[in-house]
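Close look at the chain arrangement
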Amino acid sequence: MKFKSAVTLLFSAIATQLSAAPIDSQHIQFIGPIGQNIQTKPHHTGHQTAIVNTLVSKLSEDNSSLEVFGEQIKWQPLADVNALTMGGLQALKLEFSAARFVQGKLNLTGIEKAHVFLNGQQIEGKDSYSLNAVTGDHQLLIVAEQVSDWKKVVVDYTPNAEHDALVFTQKSTKALSAKQLFDSPTISAISLSPDANHYVATKQQYQDNKGNSALRDTVLYNEDGEVVYRLNGVNANGVSWREDSKAVVFVQNKQLKTLNIKTLKETVIAEDLTGASGFKFFDNNTLIFSWTKTAPEGDKIVKHYKGLEDRWSYARNISQVYLMDISTGLIQAVTEHDLSHSLEDFDAKNKRILATRSPQHYDAPYHGITELVEFDLTNNSSKVLGQYGTFNDARYGNDGIYVTAGAEFGNGAGRTLAQGVLANNYDTQLFWMNTQGKEIKALSKQFDPSIDSFKVLNNGDLVLRVTDEDRKKLYLFDESKNKFKPLKAKLDVVERYSVADKRSPIIIATGTTASTPQKLVQLNAKNNRVSTLWDSKPLAYKNAEIAALEEFNFTNSAGTEIKGRVYIPHGLDKNKKHPALIYYYGGTSPVSRGFTGRYPFNFWATNGYVVYVLQPSGATGFGQEFSAKHVNDWGNRAADDIIEGTNAFLSAYQFVDKDRLGNLGASYGGFMTMTLATKTDMFSASISHAGISNLTSYWGHGWWGYLYSSEASKHSYPWNNSKLYSQQSPVFNADKVKTPLLLVHGDADVNVPVGESHIMYTALKMLNQDVELIEYKGADHQIFARDRRFQWWDTMLAYFDKHLKDEPQWWQHMYGK
């Protein structure tokens, strides 16, 4: 007798029925017996959950077989199974696709001890289980511990409504999932030895049974990628190499240690240096580091502000630079001052140290200054090389000091703008100055990308990471030729990099493209040869369906080209009309081409949305003239670009439904969403995450509001430009809003305080406008924690599904009617 005739499997496969209907058992995969001689089942032990969950993680993998206690067992169609009874455990697996959010009841009869999992997450219940599945491909797994009579086993699914039917599949590819994007292994930190013979990398990933805690593994590899040593509990960012590559220093379990690379012997140098960080080899015998003393708690009843900085929780902590003798652990203070010092660079050969400090200074236009100070260890003296309103980093070069700062550095030495045009100093330039801080040369005046970071090589050349339009690229700056040479890492977005300063520098870097997940690559700076050291795609994305990407640029009414890109869902039927999402930032930086991130464009496309991302006027990375458009604009040009760009997008992509457009942005992009809602009704639904509704309250209340405004609102204040602060604040135009608006905010946001969303919510409620407010408890400006990230992603898609697809069920499931 065939097993399928003894087991009745009832699933709804017909959308017109709300009762169970049989499906072909060829769609059901069966495996068993799993551990045929197991007599004591998991529920007889005290570890049932752990035993089953460990098994489920293996059963969920896309493998054709499983080896159990040396015996190989295969997944097979249920229709091919002949046995009626068997020992051990058994499992059933089926895959289905949902073109929308679906709900129903999964009912089990005859399985006395069953465990049901949807995409690896256990569904609570007994005999009956609520099934809620979002758009995409899904895996349903049933582990049976105890079945008395397989002839009486019934599995059925009853949809809540006609549209909740399941479509069973056995596709070779799978829709990209949220769990893939967040949980998949990534390299979060790297450190390359100066001789390029070893590197340290920290890999991390998430698992259902670990919740919000990432699993991390930090490993020392040789140049062939072989594991040499494990540094448990250490982050590769905190691993620093000795110049001769023979040792590393790091902190592990509150112990400061060195590791001899040849003998792999660890030596403890010191313990319990609370507040100490950034340990580096100053020379072979000495370490240099920063040590922070946390300010006492102070009065428990009142807080007396001594300046604008006191809004920052860390403002009264004091950090100084120290040296430590490795052999004895003796510590010597290099800087001692009532102001904190940040280590910029050091020159052990000439016993010099560069550090910065920030005296209180509120004068326009920068409302803050940075002092660059050099400390001479030969005579324990120091000198201030200069005070600067715009300043990022400083590093020693062969004959002077390299500095990154805005174009106004050195009395405007980096400017290429017409007279009277205010520069956007977030557009970072590269400078050289002599060791006295007097002579300044602008090196990147004709180089449009904005400088993110750089490393100085022994020959005076630089390896830089830059923002080049919407990409993060590596460049080599040739000092002798004063030229920038692109380094071809074959990545759209270089996330992190580490350099070995050899005759031909070797670089390792992690990054992605807009359509491919993270890689770790090695690059030879001389010949631009690149090789892949590690690739997450075969590990986590080998069968993933990823959106097609198209570049889409247009010229705005002012004659400026606005760059953009379009994500087209996999397998999209272009003969039908589809909803679309428009995403932008509008602030000082472009929207990155990262494969994933806080706003996962590829995932939105998986959910059936065409996604258009554009870079409005004012972003860095496109040249000074373009970035200067951000200053004192606050949504005017940027809004025009978004509206014009959306119209151009609709003209070019005829399969997009102009009546089903959603738009969203975060932070300054959230401000843009609110602003657009006051200027146009072309969108059918809008989302503002952590947006600014009132420029005055943000300027005065946000931790860094007044500093950001020193560029975004340069020379403009509520008392001398009330029109900008009021009429360009969305709340002052709230009565013009007609588009349904979702406001999302973390209630612990110190950058853009949650009151910014409350202000707009209050206004729109009083105007009887369609508005929703979702607060994330304990969340700051960004949503990081795994459980909140998934809930947040679901919230955004559920809101758009409600308004753009006329599918409110997902939103109602999350938040009620």
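Computed from a predicted model, the values in this text were never measured in an experiment.

Thresholds applied
Residues numbered from 1 in each chain as written. Predicted model: local features only at pLDDT ≥ 70, side-chain atom pairs only at ≥ 80, totals over all residues. Heavy atoms only, no water. Pairing = 2+ DSSP bridges. Helix = DSSP H or I, 4+ residues; strand = E, 2+ residues; numbered from the N terminus. Axes fitted to C-alpha atoms, helices over the stretch in contact; angles between N-to-C directions. Expected span 1.5 Å × (residues − 1). Buried < 20%, exposed > 50% of the residue type's maximum accessible area, 1.4 Å probe, protein only. Arc of directions from axis to C-beta. Contact = heavy atoms within 4.5 Å. Core = buried A, V, L, I, M, F, W, Y, C linked by side-chain atoms within 4.5 Å. Salt bridge = Lys/Arg side-chain N within 4 Å of Asp/Glu carboxyl O.

A separate point is the sheet that holds strand S31 (residues 393–396). What the 4 strands build is an open sheet, ordered S31-S32-S33-S34; its pairing is antiparallel. Each of the sheet's edge strands pairs with one partner strand only, and the pair in question is S31 and strand S34 (440–442). With direction set aside, neighbouring strand axes in the sheet form an average angle of 25 degrees. Taken together, the 4 bridges between S31 and strand S32 (residues 401–405) define a ladder with antiparallel strand orientation. Each residue of the ladder has a partner; that of alanine 394, found in S32, is valine 403.

As judged from the 7 bridges shared by strand S29 (residues 370–376) and strand S30 (residues 381–388), these two strands associate in the antiparallel manner. Residue glutamate 374 lies in a different strand from S30, and its bridge partner there is lysine 383. Between the end of S29 and the start of S30, which pair antiparallel, lie 4 residues, with asparagine 380 showing a positive phi angle near 55 degrees.

This next bit is on helix H2 (residues 48–59). Its 12 residues place the ends of H2 16 Å apart at the C-alpha level, agreeing with the 16 Å of an ideal helix rising 1.5 Å per residue. Within H2, burial applies to Val52, Leu55, Val56 and Leu59. Down the axis of H2, the smallest arc covering the buried residues is 105 degrees, so these residues share one side. Turning to H2, the residues buried within the fold contact strand S2 (29–34), strand S3 (65–68), strand S6 (89–98), strand S8 (111–118) and strand S11 (136–147).

So, on to the nonpolar core. If you look at the biggest cluster of nonpolar residues, it comprises 88 residues, and the most contacted ones within it are Tyr583, Phe601, Trp604, Trp634, Phe649 and Val656. When near neighbours in sequence (up to four residues on either side) are disregarded, tyrosine 583 contacts Val591, Tyr599, Phe601, Trp604, Tyr612, Val613, Leu614, Leu664, Gly665 and Ala666.

A separate point is the side chain of serine 716. The residue serine 716 is located in the loop between helix H11 (705–712) and helix H12 (722–727) in this model. Excluding residues that lie within four positions of it along the chain, serine 716 makes contacts with Asn632, Asn721, Leu724 and Tyr725.

In this section: the sheet that holds S30. Sheet strands pair via backbone hydrogen bonds, and the direction of the pair is either parallel or antiparallel. On the basis of which strands lie adjacent, the open sheet formed by 4 strands has the order S27-S28-S29-S30 and antiparallel pairing. Whereas interior strands pair on both sides, the edge strands pair on one side only; in this sheet they are strand S27 (342–347) and S30. Neighbour-to-neighbour, the strand axes of the sheet open up by a mean angle of 20 degrees, direction not taken into account. Pairing between S27 and strand S28 (residues 352–357): 5 bridges, direction antiparallel. Looking at S28, one finds that phenylalanine 346 is bridged to isoleucine 353.

Turning our attention to the pattern of salt bridges. According to the stated counting rule, one finds 35 salt bridges in the structure shown. Here arginine 100 makes a salt bridge to glutamate 807, at a shortest N to O gap of 3.9 Å. Here the residue arginine 100 occupies a position in the loop between S6 and strand S7 (102–109), and glutamate 807 occupies one in the loop between helix H14 (786–804) and helix H15 (809–815), the gap between them amounting to 707 residues. For arginine 100, a relative accessible area of 13% puts it in the buried group. Between arginine 395 and glutamate 344 there is a salt bridge, with its nearest N and O atoms 3.6 Å apart.

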